[in-house]
Amino acid sequence: MAILQYREALRAAMTEEMERDERVFLMGEEVAEYNGAYKVSEGMLEKFGPKRIIDTPISENGFCGLGVGAAMNGLRPIIEFMTFNFSFVAIDQIINNAAKIRYMSGGQFKVPIVFRGANGAAGQLAATHNTSTESIYSTVPGLKVITPSNPDDAKGLLKSAIRDDNPVLFMESEVMFGMKGEVSDAEDYIIPIGKARIAREGTDVTIVAHSKSYWIAMKVAERLEYEGYSAEVIDPRTIRPLDIDTIVESIKKTNRCVIIDESNPFASISSEMTYQIQERAFDHLDAPIVRITAKDVPAPYAKNLIEYYMPQEEDAYQACKRVMYVQ
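Rules and cut-offs
- Residues numbered from 1 in each chain as written.
- Predicted model: local features only at pLDDT ≥ 70, side-chain atom pairs only at ≥ 80, totals over all residues.
- Heavy atoms only, no water.
- Pairing = 2+ DSSP bridges.
- Helix = DSSP H or I, 4+ residues; strand = E, 2+ residues; numbered from the N terminus.
- Axes fitted to C-alpha atoms, helices over the stretch in contact; angles between N-to-C directions.
- Salt bridge = Lys/Arg side-chain N within 4 Å of Asp/Glu carboxyl O.
- Buried < 20%, exposed > 50% of the residue type's maximum accessible area, 1.4 Å probe, protein only.

**Q** How should I be thinking about the sheet that holds strand β10 (residues 205-209) in this particular structure?
**A** Sheet strands line up and pair through hydrogen bonds in the backbone, either parallel or antiparallel. Strand order in this open sheet of five strands is β9-β11-β10-β13-β14, and the pairing throughout is mixed. Lying at the two open borders of the sheet, with one neighbouring strand each, are β9 (197-200) and β14 (290-293). When strand polarity is set aside, the average angle formed by the axes of neighbouring strands in this sheet is 25°. As judged from the four bridges shared by strand β13 (residues 257-261) and β14, these two strands associate in the parallel manner. Along β14, the bridge assignment pairs V258 with V290.

Here is the structure:
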């Protein structure tokens, strides 16, 4: 195992895939000369040259369309967004082209493209830079959505995403780029898309959380353990396809569920999970499922308000106690 920052794990994944397959290239704003807005692609221009590490104008619709066309013609582009909030400028290319061309062409065209970059809230960046977009894109058939919570998953899942013949949205967290963690140094290390990770086993309540909300879940589990309760923590890792089977099997054991989700509450990731759980495991539930989400407003700017807006550890902790009927 190696100790890498989250950004270094992403860089390692892209570097290994570009060395393995000359069809892979990286394109986006400031990915080359500036080494990436968050230094994810640092040193890659020197290693692979300007034909494979390509700086673009501030024109998401344009370079996403170029990427889709390149993918249709046999290349395997990685398109970096400085933030997924900016992907809305290119939403027609992602939703109407990348997601649908393989289906509409009867399989004559594949679209092996990865859209990656920072997603979700990252502090005082105001409403137009703090959107958690996974719930939006996961509603679209034809797209895969990945939200890794740690450096090891980031590397293994990004390598799988680059090799996938379908469009993948790979959503990172800006606040986790500097996070350090163990990363497998196994040769050609990949993690299958669509398989959740049981991060912590437990018997009293299941906590489901992805991306940086996962770390809230782990803190809550530790607090509960101190009080004598056993929480099972599941990190879905991929939102679409969703490994609902792993979640359901956990709930059959614990009979209770709390979902922590940075999405706004209406039509959120947690909404869909809640429906699928009750459809498949209703008779195993001893309490209603509780969701802890962002507030149902645009993200505020003020420090105290953005902290209140985000899912709170204390709320998740109290929710777990509530479904266990120990309050």
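**Q** How should the pattern of salt bridges be read in this particular structure?
**A** For side chains of opposite charge, pairing can occur when their charged atoms come near one another. One pass over the full model with this rule turns up 28 salt bridges. Of the charged contacts, one joins E16 and K159 as a salt bridge, the two residues approaching to 2.9 Å between their closest N and O atoms. Here E16, found in helix α1 (residues 6-20), pairs with K159, found in helix α7 (residues 151-163); they are 143 residues apart in sequence, far enough to count as distant. Between E227 and K321 there is a salt bridge; the shortest N-O distance is 3.7 Å. With a gap of 94 residues between them, E227 in the loop between α8 (213-226) and β11 (231-235) and K321 in helix α12 (residues 313-323) connect regions that are remote in the sequence. Judged by relative accessible area, K321 falls into the buried class, the value being 15%.

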